[in-house]
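Structural overview for review
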Amino acid sequence: MLNKLEEWNRGAKKWLWLLVIIGVIASLAVTVQRVQTEQSSKQVEVVMDYRDLIDISLYQVNPTAYLNERLDLLKEAGVQSMAVFESSLRELENAKRIYLYNSSQVAMLQGKLPSMTENFTYVLFNSEEEAKQLAPMIRSTFTQLEVVVRDWKLEGKVGLVLETPMEFATLQALPHDPMALELLVSKGFAIVPRLSDSIPYDAEQVDKQLEQFAQLGVKRILFDGESVKGFTDDEEKKSLANFAELLKKHQIGIATIEGLKAPQKGFNRLAFLIDYNVVRIHSIGESESFNEPEVLGDRMALAVKDRNIRMFYLNAMVKRDAKKNIVVDSTDNLIRSMQEPGKGLAMIAEDGFSFGQATPFEVVDANWQRYAKALVVVGAVALIALLLSYFVPFVMLPAFVLGLIGAAGLFVLKKSGLLEQALALGAAISAPTIAMILAIRRIEMSPRVTSIGRRLGLAVALFVRTSLISLIAVPFVIALLNNITYSLVLNQFRGVSLLHLAPIALTALYVFLYRGESVFKEAKRWLAMPITVLWVLSLGVIGVIGLYYLSRTGNAGSVSSLEMAFRTFLESTFGVRPRNKEFLLAHPMLLAGAFIALRYRWGSFLFIIAVIGQLSMVDTFAHIHTPVMISLARTLLGMGLGLIIGVIAMVIWTVIERCWEAWRPKFEQ
């Protein structure tokens, strides 16, 4: 029965390859629309944290003059927008709009003894204008909190008495400072409000707030805290759905912050409800704002080009200069980062982007995509079944049939996200592994070659052929994960560690067990080998290298300052940065391994390392937030540089080989 099944599998293999090719063609059609989507948003917005400027102004001799000067300089430098938080009594005091006193302080101002039975908050406005604009919102906020609010005067200035302790009063969120909004708009800044979920959701109040924002030209808001506006009350009030409707009504979008440890609660659902009117924002932290201008400039340019960032959020702070005994702030350094010598904005413009309020991607999703994706699913299942056939031949057809049934089941159960991720991961593992297996087979089946020129030509041809087979996975990954949620990193491709391990393990398994007469005999031969100290040491070294390799995968990997400088050099030289492990290690290893194995079969063991380059090329495209064209340029550049270094490695091996052949007789004597 197994023999019959194996015979059917051999006959069906060419048909599965045909399905893979059809899947690739369908994937390429989807990829074209993915590229069109990525090119639909080309406007970049630079946002400054206005609260930071207020805080810094407190260290100045004339805070108001400093604030006006900084705003003018930042506007001239290229900052288009200001992020304005919901205010509080303490922030209004910092902005010199009001003065705060507790009951004891007021008693002392009036020349009286403090009351032992009163602990209220007293608010004194700086002028009648402040009282006119701020008193209504303070009164309304604290009345909603069931705090008694009374009018109050001190030496001709008007104020309010809040019958609550100052410790409580200063923690309460107030609406955005209307005087700050007026100042910023007058200086030509767009406003990016920051909203919190700290107060109960009031649909009518939120509607009025968004209407005011729309009148100010607000196009996008940013959330402050762990959750989006309305999340806390959603179960009771269905507030997220209401908030989404209000955002759509006033044509206001939201921004997702890159690099958060945990996504803001409710963000993904809100993004879905507003049809993904979302852009990605990259934040430069307060301590980072003192970094070298060139470093920050490069960082801004790379974020836009490589990660679909369309907004920058600039934070600033002060620090003490112990040598000069002065306090300095980082706003000047941020300006130098955007202009000279950092040239951040100039580099962004050179890459074809313009500046203004950020706009979301316009998703290109034709109706035919659903049919194309069906072909992609069939092709991906066929590719995974083909991989299995190289290890257990008779399971290919059953695996293909079961794979199709499983895919259909997940689709019916509306688990399309799980289906897409599983097939994308399976295709990403299968293609580079199959490519390496076919490379090993090709060498094993070819006669031994001694001619240097012929070996070099065959090695280069094998490298190109193997790389092309590995890249079959790329259109599958792109098409299966062609969803705006991946581009916005609201959803992420899972299984990166498995992608980085499985092809290596499967290639090693094939090299060790599948090149002999039978798998069982090869396994018995390896198991019968005596364990030596050298074996133990070798396994220890391999384990350490493996742990280091895994630590460098994904976005969490860290790099040294030397490697960072090398990356910057590559970026500035070529425009995009190829992956070091591809062109410095894995691609040359594949070329050198093929060159050696064509004469000495032990060279095939080098393919275990070489497969890293093949899976890395596929992994490059699995970073969906990186534009397809950037990933393509990075991959082709890595192949080109790897080919050059690989040829050099083959020349060096040739010299070693010639020297050994010349000196071996003397050693034997």
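Quantities reported herein were computed from a predicted structural model and do not represent experimental measurements.

Parameters at a glance
- Residues numbered from 1 in each chain as written.
- Predicted model: local features only at pLDDT ≥ 70, side-chain atom pairs only at ≥ 80, totals over all residues.
- Heavy atoms only, no water.
- Helix = DSSP H or I, 4+ residues; strand = E, 2+ residues; numbered from the N terminus.
- Pairing = 2+ DSSP bridges.
- Salt bridge = Lys/Arg side-chain N within 4 Å of Asp/Glu carboxyl O.
- Buried < 20%, exposed > 50% of the residue type's maximum accessible area, 1.4 Å probe, protein only.
- Phe/Tyr/Trp six-rings, centres within 6.5 Å; stacked < 30°, edge-to-face > 60°.
- Contact = heavy atoms within 4.5 Å.
- Polar contact = N/O pair within 3.5 Å; in protein donor to acceptor, adjacent residues only side chain to side chain.
- Axes fitted to C-alpha atoms, helices over the stretch in contact; angles between N-to-C directions.
- Patch = residues over 30% accessible without salt bridge, like charges linked within 9 Å, V, L, I, M, F, W, Y side chains within 5 Å.
- Areas by Shrake-Rupley, 256 points an atom, 1.4 Å probe, with all protein chains shown as cover.
- Lys, Arg positive; Asp, Glu negative; His and termini not counted.
- Parallel < 35°, antiparallel > 145°, perpendicular 65-115°, else oblique.
- Left-handed = near helix turned anticlockwise from the far one by under 90°.
- Nonpolar A, V, L, I, M, F, W, Y, C, P; charged D, E, K, R; others polar.
- Core = buried A, V, L, I, M, F, W, Y, C linked by side-chain atoms within 4.5 Å.
- Expected span 1.5 Å × (residues − 1).
- Arc of directions from axis to C-beta.

1. Notes on unusual backbone geometry
Cis geometry marks the peptide bond from Glu340 to Pro341; its omega dihedral reads 5°. Relative to the assigned elements, Pro341 resides in the loop between α14 (331-338) and α15 (344-350). One non-glycine residue with positive phi stands out, namely Asp275, at about 60°. On the secondary structure map, Asp275 appears in the loop between α12 (267-273) and β10 (278-284).

2. Regarding the pairing of strand β5 (residues 149-154)
Summarising the sheet, β5 and strand β6 (residues 157-162) pair through 6 bridges and their orientation is antiparallel. What sits directly across from Leu154, in β6, is Lys157. Connecting β5 to the next strand, β6, in antiparallel fashion are 2 residues, including Glu155 with a positive phi near 50°.

3. Structural notes on the pattern of salt bridges
Going through the model one piece at a time under the given rule, you end up with 20 salt bridges. Where Asp275 meets Lys248, a salt bridge forms, and the shortest distance between an N and an O atom there is 3.7 Å. Note that Asp275 is positioned in the loop between α12 and β10 and Lys248 in helix α11 (residues 239-249), a separation of 27 residues in sequence. Of the residues examined, Asp275 reaches a relative accessible area of 57% and is grouped as exposed. Glu258 is the salt-bridge partner of Arg280, the closest N and O atoms lying 3.3 Å from each other. Residue Arg280 is located in strand β10, and its partner Glu258 is located in the loop between β9 (253-257) and α12; the two are separated by 22 residues in the primary sequence. Taking the relative accessible area as the measure of exposure, Arg280 reaches 5% and is therefore buried.

4. Let's talk about the packing of aromatic side chains
Evaluation of the coordinates by the stated rule reveals 10 aromatic pairs. For the pair Tyr122 and Trp152, a centre-to-centre distance of 4.9 Å together with 70° between the ring planes defines the contact as edge-to-face. Here the residue Tyr122 occupies a position in strand β4 (residues 121-125), and Trp152 occupies one in strand β5, the gap between them amounting to 30 residues. As far as the burial class goes, Tyr122 and Trp152 line up, both buried. For the pair Phe223 and Phe243, a centre-to-centre distance of 6.1 Å together with 65° between the ring planes defines the contact as edge-to-face.

5. Describing helix α8 (residues 178-186)
Residues of α8 that are buried: Met179, Ala180, Leu181 and Leu184. Looking at the buried residues of α8, the elements they touch are α2 (50-57), α3 (63-77), β2 (81-85), α6 (128-144) and β7 (190-195). N-cap assignment for α8: the residue whose side-chain oxygen lies 3.0 Å from the backbone N of Met179 is Asp177. Two residues or fewer after α8 comes Gly188, characterised by a positive phi angle close to 90°.

6. Concerning the sheet that holds β6
Strand order in the open sheet formed by 4 strands is β3-β4-β6-β5, and the pairing between neighbours is antiparallel. With partners counted over all chains shown, the strands left at the sheet margins are β3 (98-102) and β5, one partner each. Across the sheet, the mean angle separating the axes of adjacent strands is 25° when strand polarity is ignored.

7. Considerations on a nonpolar patch on the surface
Residues Phe566, Phe569, Leu584, Leu585 and Ile609 make up a contiguous nonpolar surface patch of roughly 410 Å² in combined accessible area. Looking at the nonpolar patch, the elements with two or more residues in it are α25 (561-574) and α26 (580-597). Take Ile609: its relative accessible area is 33%, and that puts it in the partly exposed class.

8. Side note on the side chain of Arg310
Looking at where Arg310 falls in the secondary structure, it is placed in strand β11 (residues 309-314). Among buried Asp, Glu, Lys and Arg side chains, Arg310 stands out as unpaired, with Glu38 the closest opposite charge at 8.2 Å. Look past the residues within four positions of Arg310 in its chain and what remains in contact with it is Glu38, Ser41, Lys42, Gln43, Val44, Glu45, Val279, Arg280, Val304, Phe353, Ala358 and Phe361.

9. Points about the pairing of β2
Counting buried positions along β2 yields 5 of 5 residues, so the element is predominantly enclosed. The two faces of β2 match: Ser81, Ala83 and Phe85 on one face and Met82 and Val84 on the other face are all buried. Where strand β1 (residues 43-49) lies against β2, 3 bridges are found, and the strand directions are parallel. In the strand pairing of β2, Met48 is matched with Met82. Examined bridge by bridge, β2 and β7 share 5 bridges and lie parallel to one another. Residue pairing across strands places Val84 opposite Pro193, the latter belonging to β7.

10. Re the packing of helix α9 (residues 203-215) against α11
Following both chains from N to C, one finds α9 and α11 inclined at 25°, their axes separated by 10 Å at the closest point. As far as their axial angle goes, α11 and α9 are roughly parallel. Seen from above, α9 lies across α11 with right-handed handedness. Contacts from Ala203, Val206, Asp207 and Leu210 of α9 reach α11 at Asn242, Phe243, Leu246, Leu247 and Lys249. Among the residues forming the contact of α9 with α11, the class breakdown is 6 nonpolar, 1 polar and 2 charged.

11. Quick look at the nonpolar core
Counting residues in each nonpolar core, the largest one holds 82 residues, and the members touching the most others are Val20, Leu383, Phe476 and Phe607. In terms of residues, this core owes the most to one element, helix α18 (residues 416-445), which gives 16 residues. Apart from the residues lying within four places of it in its own chain, the contact partners of Phe476 are Val20, Gly23, Val24, Ser27, Val376, Gly379, Ala380, Leu383 and Ala427. Core analysis: the second largest hydrophobic core is formed by 63 residues, Leu210, Leu240, Ile274 and Val304 among them.

12. Some remarks on helix α19 (residues 452-470)
Compared with an ideal rise of 1.5 Å per residue, which puts 19 residues at 27 Å, α19 spans 27 Å between its outermost C-alpha atoms and is within 8% of the ideal. Of the residues making up α19, those classed as buried are Arg455, Ala459, Leu462, Phe463, Thr466, Ser467, Ile469 and Ser470. Summarising the axial view, the buried residues of α19 lie within an arc of 155°, below the 170-degree limit, and thus occupy one face. For α19, the exposed residues set more than 90 degrees away from the buried face come down to Gly453, Arg454 and Leu468.

13. Quick word on the packing of helix α22 (residues 496-513) against helix α27 (residues 607-622)
At a minimum axis separation of 9 Å, α22 and α27 run at an interaxial angle of 145°. In this structure, α22 crosses over α27, and the sense of that crossing is right-handed. Taken together, the residues of α27 that come into contact with α22 (itself represented by Val496, Leu499, His500, Pro503, Ile504, Thr507, Ala508, Val511 and Phe512) are Phe607, Ile608, Val611, Ile612, Leu615 and Asp619. For the contact of α22 with α27, the residue count by class is 12 nonpolar, 2 polar and 1 charged.

Geometric descriptors of this kind do not, in isolation, establish any biological role.
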